[in-house]
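# Architecture at a glance
So the chains spell out like this:
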Amino acid sequence: MEPYYWDGQIEYLKRSTALYYNDDYIDFLIHRVWNIVDPVRIVDFGCGFGHLGLRLLPLLPAGSEYVGIDAGVKLIEHARELFRNLPYRSEFIAADFNSVCFDEEFDLAVCHAVLLHMNDPLSTLKRMKASVRPDGKVAAFE
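Residues numbered from 1 in each chain as written. Predicted model: local features only at pLDDT ≥ 70, side-chain atom pairs only at ≥ 80, totals over all residues. Heavy atoms only, no water.

## Overview of the overall build of the protein
Across its full length, the protein holds five helices and five strands. Listed N to C, the secondary structure of the protein is α-α-β-α-β-α-β-β-α-β in terms of helices and strands. Taking all 142 residues of the protein together, 42% fall into the buried category. At a minimum sequence separation of 6, the contacts of the protein that also span at least 24 residues come to 75%. Summed over all atoms, the accessible surface of the protein reaches about 8300 Å², with 52% contributed by carbon and sulfur. (Helix = DSSP H or I, 4+ residues; strand = E, 2+ residues; numbered from the N terminus. Buried < 20%, exposed > 50% of the residue type's maximum accessible area, 1.4 Å probe, protein only. Contact = heavy atoms within 4.5 Å. Areas by Shrake-Rupley, 256 points an atom, 1.4 Å probe, with all protein chains shown as cover.)

Okay, here's the thing in structure tokens:
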């Protein structure tokens, strides 16, 4: 099996996260755009080391849950280690997000810098949409 490219890019991904968001922007999305006031279940397609979870969870209502999915086994191991002692409900799944089956629907499906790497981004968006409740939200940060 060929090595997963992004598993070798953890330090690059960590350095580049500062270029994308700040906590004020994330807070604005949560409270003014998405209007989240109750705990939510979030699934992150292509979560990497869980960067979006690290940004979102401190700003979300207590009891919110974050599920990250990524094909990078090393990325998922790194995410699990980062979240190990944090007070948030989180789970990380090492798998192809296009083939994972979910037991429950989510309130919000997110991805960051994922669609631009997909051969068929529309199928990924459809998969994200299928993972949320009928009144759920899909947010792609590209």
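## A few points about the environment of G50
Tracing the chain through its elements places G50 in the loop between strand 1 (41-45) and helix 3 (51-56). For the pair G50 and G68, spaced 18 residues apart in sequence, the C-alpha separation works out to 6.5 Å. If we ignore the near neighbours within four places in the chain, the residues touching G50 are Y66, A79, F83 and F92.

## Describing the side chain of T124
Relative to the assigned elements, T124 resides in helix 5 (residues 121-130). Given a relative accessible area of 0%, T124 falls into the buried group. In this view, T124 contacts F97, N98, L115 and M118; residues no more than four positions away in its chain are not counted.

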